[in-house]
Amino acid sequence: YTSDNYGITWTARDSYRNWTRISLSSTGQYQTATQYGGKIFTSNNYGVTWNSTNTSINANWVGVSISSTGQYQTAVPQSSGHIYTSNNYGLSWTARELSRDWRAISISSTGQYQTAVLNNSRFAYISSDYGNTWKTSSLPQSAQWRGVAMSSSGQFQTVSGGSGIGISNNYGTTWTSVAIPCLGVSVSSSGQYQSIYGYLFQFGNGL
């Protein structure tokens, strides 16, 4: 479903599928949606029409994030699969890193900084070269990580999971623990304002 009037009305698009995540460019022109047990679908006309451009890739997709322009995009699958990146608006995709139990992905406004989290892991995986190469970053504890979000610059990042929150102010290089278990997280452009959700409570305004 898409809306072009600030969410007042909605229009059904494409077909009935087992959708999992969606991400939009800053203007909304480029949109990418993932399917559980299927493919990645992209739109270059504000979500009016959709196409699957990665016909050889079928996975349990659980996360997708795209840059402000829509040029850089990254998607992650659950259980068993590589990180997949695109540098041409989702037209083609390249497998990165090893096959792991990925759960969430977030990228900066330019697409340069990217962070992915795993299920039951002590590490986040971070990239500073548009997702081409990845390295591990030690999180405060091993947890069932479920969410990750970052400021537009990528400097401020937050990961969320069943054991608490991890926050970083240096592009995901090091992390500080906050003992509030949650499911998902969203971060403002500057990184100053943050909200998390899950486990029968709400929490806002960063720390």
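Residues numbered from 1 in each chain as written. Predicted model: local features only at pLDDT ≥ 70, side-chain atom pairs only at ≥ 80, totals over all residues. Heavy atoms only, no water.

Q: Explain the sheet that holds strand 9 (residues 102-107) to me, using residue names and the numbers behind them.
A: Spatial ordering of the open sheet is given by 9-10-11-12, a layout of four strands whose pairing is antiparallel. With partners counted over all chains shown, the strands left at the sheet margins are strand 9 and strand 12 (135-143), one partner each. Between one strand axis and the next, the sheet turns through 20° on average, direction left out of account. Sheet topology note: the strand 11 (residues 121-127)/strand 12 ladder contains five bridges and is antiparallel. Each bridged residue has a counterpart across the sheet, and for Ser121 the counterpart in strand 12 is Ala143. (Pairing = 2+ DSSP bridges. Helix = DSSP H or I, 4+ residues; strand = E, 2+ residues; numbered from the N terminus. Axes fitted to C-alpha atoms, helices over the stretch in contact; angles between N-to-C directions.)

Q: Any chance you could break down the sheet that holds strand 13 (residues 145-150) for me, citing the residues and the numbers?
A: In space, the four strands of this open sheet follow the order 13-14-15-16, with antiparallel pairing throughout. On the outer flanks of this sheet lie strand 13 and strand 16 (176-178), each paired with one strand and no other. Between one strand axis and the next, the sheet turns through 20° on average, direction left out of account.

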